[in-house]
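# Descriptive analysis of the structure
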Amino acid sequence: MSVANNKDVIVCEGVKKWFGDFQALKGIDAVVKEQEVVVVIGPSGSGKSTFIRCINRLEAHQEGTIIVDGIELTNDVRNIDKIRSEVGMVFQQFNLFPHLTILDNISLAPLWVRKQPRREAEEEAMALLERVGIPEQADKFPGQLSGGQQQRVAIARALAMKPKIMLFDEPTSALDPEMIKEVLDVMKELARSGMTMIVVTHEMGFAREVADRVLFFDYGLVVEEGTPAHFFDNPQHDRTKLFLSQIL
Amino acid sequence: MLKWLAQVGVLALVLLFFRILGGEAAKNFARSDISFGFDWLGDPPGFSIREGIDLQPNSGIRALAVGGLNTLRVAFSGIIAATILGTIIGVARLSKNFIVNKLAGFYIETIRNVPLLLQMFFWQVLLMAQSSLTEGDVGSRIFSVSNKGVASIWVFPSTGFWPWFLIFLGGVYLSRKVARKRRTYQEDTGENGHPGLFGILTLLGIALVGWLVHPLLGFLSILWDGIGDLIGAIPAATVSLLIAGAAIVAAVVWIKRFLDSKRTPAGLGKLTDDDIFRMIFAGVSALFVVWIAFKVGGAVIAKPDGTDASVAAVLRDSFANIFYWFGDKFTGEAGSPLSVSKPAIELRGTGGFVQYADTGILATVPFFSVWIAVTLYTASFIAEIIRGGILAVAKGQTEASQALGLRRGQYLRLVILPQAFRIILPPLGNQYLNLAKNTSLGTAVAFGEIVAVGATLINQTGQSLPIVIVWMAFYLILSLSLSGVVNYYNRRMALVER
Amino acid sequence: MTDHLAPLNLEELAPEKPPSGPVLWIKENLASTWISAILSILAIALTAFSFRGAVQWLFAADRRWDAVIANMKLLAVQSYPEAQMMRVWVSVGIVFVLIAAILAWNRIGGKIAPRKLSKVLLTIGITLLLVGLLMPAGSEKWETLGNSLLWKIGGVLLLGIGVALTFLPDERRKAETIPIMGLVAVALFGIIGFLKTATMAFPIAGATLPEDPAERLFEPTRIADSTANPWTAIILAAMVTFVVMSWLRSRSSGDGASIKRVIISLIVASFPVIFLVILRDPAIDEDMLVKFVVTGAVFAILGAVAVRWFGAPGAGESRRALASIVTVLAFIMLTFPGILPIPGAVTPFTEPFLFRLLFLTFALFSLAAPTFGGAGSALTRYVIGWVGTAVVITYTIIIVTTESTVVVPGNFFIGGLGITFLLSITAISLSFPLGVLLALGRTSSMPLFRMMSTAYIELVRGVPLITWLIVAFVMLPVTLPPGIELSGIMRALIFMTLFSAAYLAENVRGGLQSIGKGQAEAAQALGLSTLQMTVFITLPQALRAVIPALVGQVIAIFKDTSLVTIVGLFDFLHIARAAINQQSRPYNFIGVFLEPLLFAAAVYWIFTFTVSRMSLRLEKKLGVGER
Ligand SMILES: Nc1ncnc2c1ncn2[C@@H]1O[C@H](COP(=O)(O)OP(=O)(O)OP(=O)(O)O)[C@@H](O)[C@H]1O
Ligand SMILES: [Mg+2]
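Bear in mind that the values here come from a model prediction, so they are computed numbers and not experimental data. (Residues numbered from 1 in each chain as written. Chains lettered and ligands numbered in written order. Predicted model: local features only at pLDDT ≥ 70, side-chain atom pairs only at ≥ 80, totals over all residues. Heavy atoms only, no water.)

Here we come to the overall build of chain B. Helix and strand counts for chain B come out as 15 helices and 10 strands. Projected onto the principal axes, the alpha-carbon positions of chain B cover approximately 85 × 80 × 55 Å. When the 498 residues of chain B are sorted by exposure, 41% land in the buried category. Nonlocal contacts in chain B, meaning residues at least 24 apart in sequence, comprise 70% of its contacts between residues at least 6 apart. Taken as two groups, the 41 positive and 29 negative side-chain charges of chain B have centres that lie 12 Å from each other. (Helix = DSSP H or I, 4+ residues; strand = E, 2+ residues; numbered from the N terminus. Buried < 20%, exposed > 50% of the residue type's maximum accessible area, 1.4 Å probe, protein only. Contact = heavy atoms within 4.5 Å. Lys, Arg positive; Asp, Glu negative; His and termini not counted. Charge placed at Lys NZ, Arg CZ, Asp CG, Glu CD.)

Printed below as a string of structure tokens:
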């Protein structure tokens, strides 16, 4: 399955981002094609989270352009709303709404953003819970679920908006080892179903198996990019070699 | 064993300590011919109160009631105003707008670092320095500030208000039904059902119709009077029995529920002595109520005309009176239920005494100084609580909502506020309580609230201990009802945790 | 297919500057949305309008600031004798020097970057300039302070320095190099010097100075030498202390905790010394003195032997039981003098009250001896502790019971701000141990103790402070046995202490409950007794956790002392509100309400604001609330 000829859904050119005086992104150029799975890796503080958070504008970049699905991200609120309902995101800390049941967590956005009928929204929510494997938890509250279950709910919640693109920011790093697998399985299934995904992760096995392309971040730059095979077995850059030697 | 000895020993010492103080006090009082009791409650207090429902109370208890109502009045309006102002400032403190943010910070830091009493004096002085009313001012105004106070236009209920209000309440009920219908419609079909709009239109329509037809409800007057007669006819003994029965049932139910809540699948959980104390307390309170229902009367609220003055009878009569009062209000007269009343300045007496007439709403200088001071002061604390509460909701909640595409208004309402409210509520309740207690500083600016009235009564009668007891009872009831409300909401909002 | 490769030396990638500039700043901070922009305009208009109004009001010629200036002494200490004012200055000096010492030793102050300094200077400069520009006509009455030219010059000067600092090279601007305390010193002397030169260089045009020296008292900028000189000395002393201590600190190795403890104890001890000895100046009578000293000495020596016996290792339960009985006896003896007469009352060398007090203290020491004494050197230290306590108590009682040489009209030797501080400091320090005891009681596993503490706390907190003060002034006098009379100050003090103890107890309880079970289990595993565990493990942690709440309580008490004006004490607020506007001679201040009140507000504000800011810093430093 090659995605090389698909159309570009995310195009970043020279994206720069500062926090105060500190420059977190120093000019990122990256393209993501439709149905492509891109894995972003890099040392801590290298700007991975900042980068994917810029894509749905949880952070505003200051220079450069980001175009998602043909819409450029600017201060225009309409564009932001449109893009956010097309881009789903999963966080390291799950960020479920603790005061709502699992079902309400998932159906909240379809109800209020997509203005779906409640019955329909809840049926779809149940279907999604089915898909991530925990339909029996629908009426519980997030505080009553294990970490792995919570993260799967978070994925379901993002999927409920029927996004074209999914962003994952280290979805497994707050989880115990035995829970990591259940979340990764869901993500693999998602990738196989043809979802466009950007995944920040330290799970090298997942990257090797699922990724179409790997981006290596350091110092706020894309230091190296390539196919998993190329990247893991034949890295070009000294930084990459060093990084891989440390984690593998 | 040693532990119990120590406890009992200390308790005995404490009791002995109070016993000695009390004995000494008794000696002193005997010397000056004062004996503590509650007779003064019925005696004319011999002073007048500057504002309130009754300026010349004819008994001690009535004077205290006037003071207590004044406290409640300023506390209640202060709580409302402080909540609104505090919320605005707390939100402003979170604003990304540099100036708005800094102004809110300036307000908070200025107000809460200056003693409240000083602020009260400040407002008092400021108002007293306003120009006095002269003959040139006579006439009606919308708003007027003078050294007599702050007067403003106000809306009062007038003829036909209560019949109309009844219709209005019906309207509220109906409009909520309509709104819910529209919401289900929206949820079922996905089309916008405009639930809010429909609800408001229904309410407005019914209120308007009610405005025109409320005289038709005049016939209800008979019904109210009838209920009043019915209640009035119940013998006092029956009322006593009912009250006693209710108290006992309540206590039993409470204890049962309490035990149930301690029950685990493995049988009754271990009770701490706290739990046992609580149950004993519930039982004792019930017995206390029973005792009051049957025994108390006569001496406390003696009625000159010799009618039954037991608690049960008084309770029954006041209950009946409520219905008679309603009966009076349902006259069937036509007229606007609400009337707008403007403050007027008039010349009173022959000497040329320029004063505010009884129209509009007038905040006297003492009332206004107390009200504005406690409002501004408490608002600065409430603002910090609100800010803290919103900040304490994890940042991730906002981000998750944004990532889902929720708008700012939506996620504030659906995600952030429900969680923040939970954190805000307990300290907010505390602030309300503080505000209520702080109104007692009004005694320094001659505001006739319960402490000021009580202090005057102490001066007049020397009955310090009973009046202190009355104060305690008053504030205790106040704080219990406030914390009751807070606890109720707190329990309703508790998070389910693993 | 590597199609992207960054330069190799990533670390040396030249840093780029973020896009910045005033336009961008305004866009982000004042006009990020339309609503925000409108709000900004409204807020700016409001600020400008109020600022202008405030300046015009404050400097208007018909203000009566003279009522404040002429009454500075009254506000500070009421009618403390002029001849003994030196005592007040010495007290203030001691406090300042000790504060300077602790600041220096804790390295508080630190350094700031020129960039931050420049921001501060720009803000102050603009404010000064605006004040100068908005000064109302007739402000010349206030001489130097009312001279708009001086404000403008000062403003421009600061603005100039602020702007100049922005031209420093980038890395120097961001480096934290400027010591804050140095800045404070420069600022203090800068202001004084500026005003001094200004008054000389700019004889104010059009201002006619009154010839009569009595009226010159009102000239705000000509502070009388009797005030200026002591202040100069105090500030200099504080600065010298700061510099010396900083130097010592920089040379000392280790964390300097012991010196810190010494300074803090000095600060704590300085308050009773200042109030009881320096300000009160007791006139000690020699006949009395013999009695006190004999009583004290006998107790200290015999008590030391006895405490040692009670605390001896392996003493066993019987001695403990004996100590308990002695404690109960001592307690009854102290509280109910009628019931148990003192055996030694017959000797001419015994002072009965001191005897009872020392006896109770001794009993408590004996009771706790096995718990805290331990063996060997610990026991010796404990016994020394007892002797020290006995000496301090004896001395305090001597001081307190002797007449003061400071004779003033009215019944108390000091008033005004003096009383406000006396009340708040004493109430806070006395209510602290009581509050901790109550909190321990409320969280204890012993039901009677818990009930009593809970009842006390809830009862006290149930009604407002003012009702307790009324109780203190109406009921307390009649409940005291004949022969014991309490002055108004003492009554207020007792009830403020009892009141704030209840609130402190709730704060401490919060801390106690925040400590996990693990700590207690660990302590028990070490074999500590319950009491030892509480004192050595639980309590210190709990107190640390509630420092912010405790500071909040301190501020609350300080503000609450103002309530004593309602029951007629001459505290700071009372003088500002009710005393000054009664004066008709030598100057007529009748009807002057607002100015003294505002001045009082400013003074209260300065103290509370400073304390709350310090507590914020402390909180950050201790990392309270973070885990
Ligand atoms: N809100 C912020 N304010 C200031 N600095 C920030 C902020 N968010 C991120 N940074 C800084 O930006 C840099 C990049 O952060 P980012 O979170 O993107 O790193 P990351 O690659 O995701 O690291 P990790 O693997 O630890 O999650 C870090 O140095 C971080 O300190
Ligand atoms: Mg990250």
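Read on for the rest.
Segmenting chain B into domains produces domain 1 (1–33), domain 2 (35–117 + 363–493) and domain 3 (162–329). Relative placement of domain 2 of chain B and domain 3 of chain B: their C-alpha centres are 25 Å apart. (Domains from an automatic or database assignment.)

Each partner contributes residues to the interface: chain B has 54 residues there, and chain C has 59 residues. For the pair chain B and chain C, the summed buried surface comes to about 5,000 Å²; carbon and sulfur atoms form 78% of the total. Ranking the residues of chain B by area buried against chain C places B:Gln7, B:Asn113 and B:Leu118 at the top, with a combined share of 12%. Applying the counting rule to chain B against chain C returns 1 salt bridge. The salt bridge partner of B:Glu109 is C:Arg613, with a shortest N-O separation of 3.2 Å. The interface formed by chain B and chain C holds 13 residue pairs in polar contact (both at pLDDT 80 or more) in total. Of all the elements in the fold, those that place two or more residues in the side of chain B that touches chain C are helix H1 (2–31), helix H3 (98–112), helix H4 (116–128), helix H9 (273–295), helix H11 (365–392), helix H14 (450–461) and helix H15 (464–493) of chain B. The leading source of residues in the side of chain B that touches chain C is H1(B), at 17 residues. Counted by class, the side of chain B that touches chain C contains 38 nonpolar, 8 polar and 8 charged residues. (Buried area = accessible area lost by both parts, 1.4 Å probe. Salt bridge = Lys/Arg side-chain N within 4 Å of Asp/Glu carboxyl O. Polar contact = N/O pair within 3.5 Å; in protein donor to acceptor, adjacent residues only side chain to side chain. Nonpolar A, V, L, I, M, F, W, Y, C, P; charged D, E, K, R; others polar.)

Moving on: the packing of helix H20 (residues 465–474) of chain C against helix H22 (residues 488–514) of chain C. All names here are of chain C. The geometry of H20 relative to H22 is characterised by a closest axis approach of 9 Å and an angle of 140° between their N-to-C directions. Of the possible angle classes, the one that applies to H20 and H22 is oblique. Where H20 crosses over H22, the handedness of that crossing is right-handed. Only Gly488, Arg491, Ala492, Phe495, Met496 and Phe499 of H22 make contact with H20, whose side of the interface consists of Leu465, Trp468, Leu469, Val471, Ala472 and Phe473. (Axes fitted to C-alpha atoms, helices over the stretch in contact; angles between N-to-C directions. Parallel < 35°, antiparallel > 145°, perpendicular 65-115°, else oblique. Left-handed = near helix turned anticlockwise from the far one by under 90°.)

What follows concerns the sheet that holds strand S10 (residues 361–364) of chain B. All names here are of chain B. Taken together, 3 strands build an open sheet; the order of strands is S2-S3-S10 and the sheet is antiparallel. With one partner strand each, in any of the chains shown, strand S2 (143–146) and S10 form the two edges of the open sheet. Taken pair by pair, the neighbouring strands of this sheet meet at an average axis angle of 10°, ignoring direction. Pairing of S2 with strand S3 (residues 149–152), which is carried by 4 bridges, proceeds in the antiparallel orientation. The residue bridging Phe143 from the neighbouring strand is Ser152, located in S3. Across the sheet, H11 touches S3 and S10, and the angle it forms with S10 is around 80°. (Pairing = 2+ DSSP bridges.)

Let us now look at the site of ligand 1. All names here are of chain A. By nearness alone, every residue bordering ligand 1 is listed as Phe19, Phe22, Ala24, Pro43, Ser44, Gly45, Ser46, Gly47, Lys48, Ser49, Thr50 and Glu170. One of the side-chain nitrogen or oxygen atoms of Ser44 is found 2.6 Å away from an oxygen atom of ligand 1. Within the side chain of Glu170, an N or O atom sits 3.0 Å from an oxygen atom of ligand 1. Against a free-state accessible area of 630 Å², the protein chains account for coverage of 61% of ligand 1. Of all elements in the fold, only strand S2 (22–33) and helix H1 (48–55) reach the threshold of two or more residues within the shell around ligand 1. It is H1 that contributes the most residues to the shell around ligand 1, 3 residues altogether. A class-by-class count of the residues in the shell around ligand 1 yields 4 nonpolar, 6 polar and 2 charged. (Near = heavy atom within 4 Å. Areas by Shrake-Rupley, 256 points an atom, 1.4 Å probe, with all protein chains shown as cover.)

We now examine the pattern of salt bridges. For the structure shown, the criterion picks out 36 salt bridges over all chains. Across the salt bridge formed by A:Lys164 and A:Asp69, the nearest N and O atoms sit 2.9 Å from each other. Here A:Lys164, found in the loop between helix H5 (147–159) and strand S7 (165–169), pairs with A:Asp69, found in the loop between strand S4 (63–68) and strand S5 (71–72); they are 95 residues apart in sequence, far enough to count as distant. With a relative accessible area of 45%, A:Lys164 lands in the partly exposed category. With its nearest N and O atoms 3.0 Å apart, the salt bridge here joins C:Arg509 to C:Glu506.

Residues and elements named next belong to chain A. Summed over the entire model, instances satisfying the criterion amount to 48 aromatic pairs over all chains. On the basis of an interplanar angle of 45° and a centroid distance of 6.1 Å, the ring pair of Phe216 and Phe231 is categorised as tilted. Note that Phe216 is positioned in strand S9 (residues 213–218) and Phe231 in helix H8 (residues 228–233), a separation of 15 residues in sequence. Overall, Phe216 belongs to the buried group, its relative accessible area being 0%. A residue is classified by how much of its surface remains accessible, and Phe231, at 1% relative accessible area, is buried. (Phe/Tyr/Trp six-rings, centres within 6.5 Å; stacked < 30°, edge-to-face > 60°.)

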